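Each chain, letter by letter, is given below.
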Amino acid sequence: MSSAPQVAVLRLEEDADVFAARQLARELAQVVGLDRIGATRLATAISELAREAAAAGGRLSFEVQGSGDLVATLTASHLPDDSPSMVSARRLLDTVTHEVADGLAVVRLEQRGVRPVTDAERHRVQRIVAAHAPTSPLDELQQQNAELLTLLDAVREKNAALETLNHELEETNRGVMALYSELSGELERTNQGVVALYAEIDEKNLQLTAASEAKSRFLRSISHELRTPVNSVLGLTGLLADPGAAPLSPEQGEQVAFIRASATELLSLVNELMDLAKAESGRLEPAWQDVDLAALCGELAGTTRALLREGVRLEVDPGPPGLVLRTDPDLVRHVLRNLLSNAAKFTTAGTVTLEVTQVDGVHGVDGVDGVDGADGADAAEGVEVRVRDTGIGMTEEEQALVFEEFFQVRTPLHATARGTGLGLPFARSVAQVLGGDIDVESAPGEGSSFTLRLPAGGAA
Ligand SMILES: Nc1ncnc2c1ncn2[C@@H]1O[C@H](COP(=O)(O)OP(=O)(O)OP(=O)(O)O)[C@@H](O)[C@H]1O
Ligand SMILES: [Mg+2]
């Protein structure tokens, strides 16, 4: 491999030199690895310039620089920048520069990215230069014709390829247009469907709201109407059983006690219906205050123990010490009493557990903690109060229905445990009034777990 950059030098004085320049350029182009079209471009640019330079006495040299550049330098006493051969050279090659130094025009043609020239190749090229135009003009003409034919073939091939491409593009365009119009039609139909669906949903919503309002109104008025006569019955049984009143026979006394028990049960049912109607109609206004949850749990534990069946234990975990929640204590107590009385009713052995946990992060958002973190480590996003039992449990279908009014699973336990099926719907309505909700998890024969979730900051 040669380190000397200069490959060949040629004087340009007559027509034969022009042929030699062209041939030299072609040979060199092949040696450095240009393809046929690249070689023809270079040879044509060089021969055009050489023809004009030869008329004014010129010189052509080739170098291959280390970085892989083939540089042809052409000097002549007269070769203006706007001469026809310069214009042609610029059309054929990318890098053509022109300058005038010491009264001589210097033109540089550069071809980048060529491979280096070995010593043997350099010698061969130099022999061509030394032989000075080894081909006759006729041979050269033949050679140029062959080159022209190759170029023509290449152009024809390119044209054919372009035509095919155009054809394909046209077809693709037609396909895209067809797809587009099909999709827009589809979209329009879907949109119309969606709009109709929304209208239907709105209509149904209105109907549902009206139905729910009518139901609440009915519950409110019927329970209100019932309360007065039931209270009178209770009052009258009180009067009858009064020690100061006329004595009753033992049988009468038993019947009055029976009437009194039934009336008391009826009154509690009527009151529950009233509460439910109030919660549902949004008339239940929580009285917000800071509530000490541990104290509330202690209070509830006391009343729950009295309800437990024999052999059932109560466990209480009041959560982190000093946990205070802004909420309505009466309503929370009411909800939890419902959950605890259910747990006591439907558990014949094992444990009923009441536990409080503080919840950081946002409820229901994939368990991901809030990213703000600025309000300090103790800032609870809310509280969960769970009532778990090891009782009879429920199937999934039953769990889906227990929050509906008057729904009760038919079990042997219902014979001894009375109720109306209003406790859970009321508890859920109240939880929602407090900004939270109730969830259930359960498995038949294993037990149930009801979770009351409450937000930390009271009402939003
Ligand atoms: N902890 C539980 N274990 C098993 N079943 C339960 C439990 N809690 C509720 N259920 C089922 O859900 C039904 C509805 O409960 P809900 O509290 O609404 O009504 P209830 O307890 O039957 O009557 P009420 O609460 O009105 O006195 C119950 O009858 C029972 O079948
Ligand atoms: Mg209940």
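Residues numbered from 1 in each chain as written. Chains lettered and ligands numbered in written order. Predicted model: local features only at pLDDT ≥ 70, side-chain atom pairs only at ≥ 80, totals over all residues. Heavy atoms only, no water.

Q: Can you help me understand the nonpolar core in this one?
A: Soluble globular proteins: nonpolar side chains tend toward being buried together. Core analysis: the biggest nonpolar cluster contains 46 residues, and Leu 336, Ile 438, Phe 450 and Leu 452 have the highest contact counts within it. In terms of residue count, the dominant contributor to this core is helix α8 (residues 329–345) (eight residues). The residues that make up this core include at least three from each of domain 2 (151–282) and domain 3 (284–455). The residues touching Leu 336, leaving out its near neighbours within four places in the chain, are Leu 296, Leu 300, Val 385, Val 387 and Leu 452. (Core = buried A, V, L, I, M, F, W, Y, C linked by side-chain atoms within 4.5 Å. Buried < 20%, exposed > 50% of the residue type's maximum accessible area, 1.4 Å probe, protein only. Helix = DSSP H or I, 4+ residues; strand = E, 2+ residues; numbered from the N terminus. Domains from an automatic or database assignment. Contact = heavy atoms within 4.5 Å.)

Q: Any chance you could explain the site of ligand 1 here in plain terms?
A: The local shell around ligand 1 holds 22 residues, among which Asn 342, Lys 345, Gln 408, His 414 and Leu 424 are the closest. One of the side-chain nitrogen or oxygen atoms of Asp 389 is found 2.9 Å away from a nitrogen atom of ligand 1. Between ligand 1 and Val 409, the relevant distance is 2.9 Å, taken from an oxygen atom to a main-chain nitrogen or oxygen of the residue. Taken by itself ligand 1 offers 590 Å² of open surface, and the protein chains cover 96% of this. Cavity membership is defined here by more than half of the atoms lying within 2 Å of grid points; on that basis ligand 1 lies in the largest pocket. At the level of secondary structure, the elements contributing two or more residues to the shell around ligand 1 comprise α8, α11 (423–433) and β12 (447–455). Its residues assigned to classes, the shell around ligand 1 comprises eleven nonpolar, eight polar and three charged. (Near = heavy atom within 4 Å. Polar contact = N/O pair within 3.5 Å; in protein donor to acceptor, adjacent residues only side chain to side chain. Areas by Shrake-Rupley, 256 points an atom, 1.4 Å probe, with all protein chains shown as cover. 1 Å grid on protein atoms, 1.4 Å probe; cavity = no way out; pocket = protein on both sides within 12 Å on 5 of 7 lines; lining within 4 Å. Sits in = over half its atoms within 2 Å of the grid points. Nonpolar A, V, L, I, M, F, W, Y, C, P; charged D, E, K, R; others polar.)

Q: Looking at this structure, how should I read the layout of surface pockets?
A: In this approach, a probe sized like a water molecule rolls over the atoms, and the result shows the empty space that is left. The space that makes up the largest pocket amounts to roughly 830 Å³. Surrounding the largest pocket, 38 residues form its lining, Asn 342, Lys 345, Phe 346, Arg 418 and Gly 419 being those nearest its centre. For the lining of the largest pocket, the secondary-structure elements that each account for two or more residues are α6 (250–280), α8, β10 (382–389), α11 and β12. At eight residues, the largest contribution of residues to the lining of the largest pocket is made by α8. (Points joined across faces, edges and corners; volume = space filled by probe spheres on them.)

Q: Whenever I open this one, the side chain of Thr 327 confuses me. Can you help?
A: Summarising the element assignment, Thr 327 is placed in strand β8 (residues 324–327). Dropping the residues within four chain positions of it, Thr 327 is found in contact with Ala 287, Trp 288, Gln 289, Val 291, Val 332 and Leu 434.

Q: I would appreciate a short explanation of α8 in the present structure.
A: Counting along an α-helix, one turn takes 3.6 residues, and residues three or four places apart therefore face a common direction. A rise of 1.5 Å per residue sets the reference length of α8, with its 17 residues, at 24 Å; its end C-alpha atoms lie 24 Å apart and thus fit the reference within 8%. In terms of burial, α8 is a largely internal element, twelve of the 17 residues being buried. Of all the residues in α8, the buried ones are Pro 329, Leu 331, Val 332, Arg 333, Val 335, Leu 336, Asn 338, Leu 339, Leu 340, Asn 342, Ala 343 and Ala 344. (Expected span 1.5 Å × (residues − 1).)

Q: Looking at this model, I keep getting lost on the domain arrangement of the protein chain. Mind explaining?
A: Frequently, the measure chosen for interface size is the accessible area that the parts lose on association. For the protein chain, the assigned domains read domain 1 (6–134), domain 2 (151–282) and domain 3 (284–455). Taking the mean C-alpha position of each, domain 1 and domain 3 sit 95 Å from one another.

Q: Quick question: what am I supposed to make of the UniProt feature "coiled-coil region" (unreviewed entry) in the protein chain here?
A: According to UniProt, the "coiled-coil region" (unreviewed entry) feature falls on residues 138–175. Annotated as 100% helix and 0% strand, the span residues 138–175 places its first and last C-alpha atoms 55 Å apart. (UniProt positions renumbered as here; feature names shortened; annotations may be inferred.)

Q: Explain the packing of aromatic side chains here, please?
A: Inspection of every chain in the model, using the stated rule, returns one aromatic pair. Ring plane angle 75° and centroid distance 6.4 Å describe the contact between Phe 403 and Phe 450, whose orientation is recorded as edge-to-face. Linking Phe 403 in the loop between α9 (396–401) and α10 (413–416) with Phe 450 in strand β12, this pair joins segments that are 47 residues apart in sequence. Taken individually, Phe 403 and Phe 450 each receive the classification buried, so the pair is uniform in this respect. Across from the ring centre of Phe 403, 3.7 Å away, lies the NZ or CZ of Arg 428, which sits over that ring. (Phe/Tyr/Trp six-rings, centres within 6.5 Å; stacked < 30°, edge-to-face > 60°. Lys NZ or Arg CZ within 6 Å of the ring centre and 35° of its normal.)

Q: Is there a simple way to explain the sheet that holds strand β7 (residues 312–317) in this structure?
A: Note on sheets: strands pair through backbone hydrogen bonds, and any given pair is parallel or antiparallel. Read from one edge of the open sheet, five strands run β7-β9-β10-β12-β11, paired in mixed fashion. Each edge of the sheet is formed by a strand with only one pairing partner; in this case those strands are β7 and β11 (437–443). Neighbour-to-neighbour, the strand axes of the sheet open up by a mean angle of 15°, direction not taken into account. On top of the sheet, helix α7 (residues 293–305) reaches β7, β9 (350–359) and β10; it is set at about 175° to β7, its chief contact. (Pairing = 2+ DSSP bridges. Axes fitted to C-alpha atoms, helices over the stretch in contact; angles between N-to-C directions.)

Q: Would you take a moment to explain a nonpolar patch on the surface for this structure?
A: A surface patch of nonpolar side chains, about 390 Å² in accessible area, is lined by Val 194, Leu 197, Tyr 198 and Ile 201. Tracing the backbone through its elements, the reader meets Ile 201 in helix α5 (residues 137–241). (Patch = residues over 30% accessible without salt bridge, like charges linked within 9 Å, V, L, I, M, F, W, Y side chains within 5 Å. Salt bridge = Lys/Arg side-chain N within 4 Å of Asp/Glu carboxyl O.)

Q: Explanation requested: the packing of α7 against α8 in the structure shown.
A: Remark: α7 packs on α8, axes separated minimally by 11 Å, with the N-to-C direction vectors making an angle of 40°. As far as their axial angle goes, α8 and α7 are oblique. Read as a crossing pair, α7 and α8 show a hand that is right-handed. On α8, the residues that touch Leu 296, Glu 299, Leu 300 and Thr 304 of α7 are Pro 329, Val 332, Arg 333, Leu 336, Arg 337 and Leu 340. Classifying every residue of the contact of α7 with α8 gives six nonpolar, one polar and three charged. (Parallel < 35°, antiparallel > 145°, perpendicular 65-115°, else oblique. Left-handed = near helix turned anticlockwise from the far one by under 90°.)

Q: How should I be thinking about the pattern of salt bridges in this particular structure?
A: Close approach of charged atoms lets side chains of opposite charge pair. Taken as a whole, this structure holds 18 salt bridges when the rule is applied. Between Asp 81 and Arg 90 there is a salt bridge whose closest N-O contact spans 3.0 Å. Arg 90 gets classed as partly exposed once you look at its relative accessible area, which sits at 37%. The partner of Arg 156 in a salt bridge is Asp 153, with the nearest N and O atoms 3.5 Å apart. A residue pair is termed a helical-turn pair when its members lie 3 or 4 positions apart in one helix, as Arg 156 and Asp 153 do in helix α5 at three residues. A relative accessible area of 54% places Arg 156 in the exposed class. When its relative accessible area of 42% is taken as the criterion, Asp 153 is described as partly exposed. Through salt bridges with shared partners, a single network forms among Glu 355, Glu 384, Arg 386 and Arg 388.

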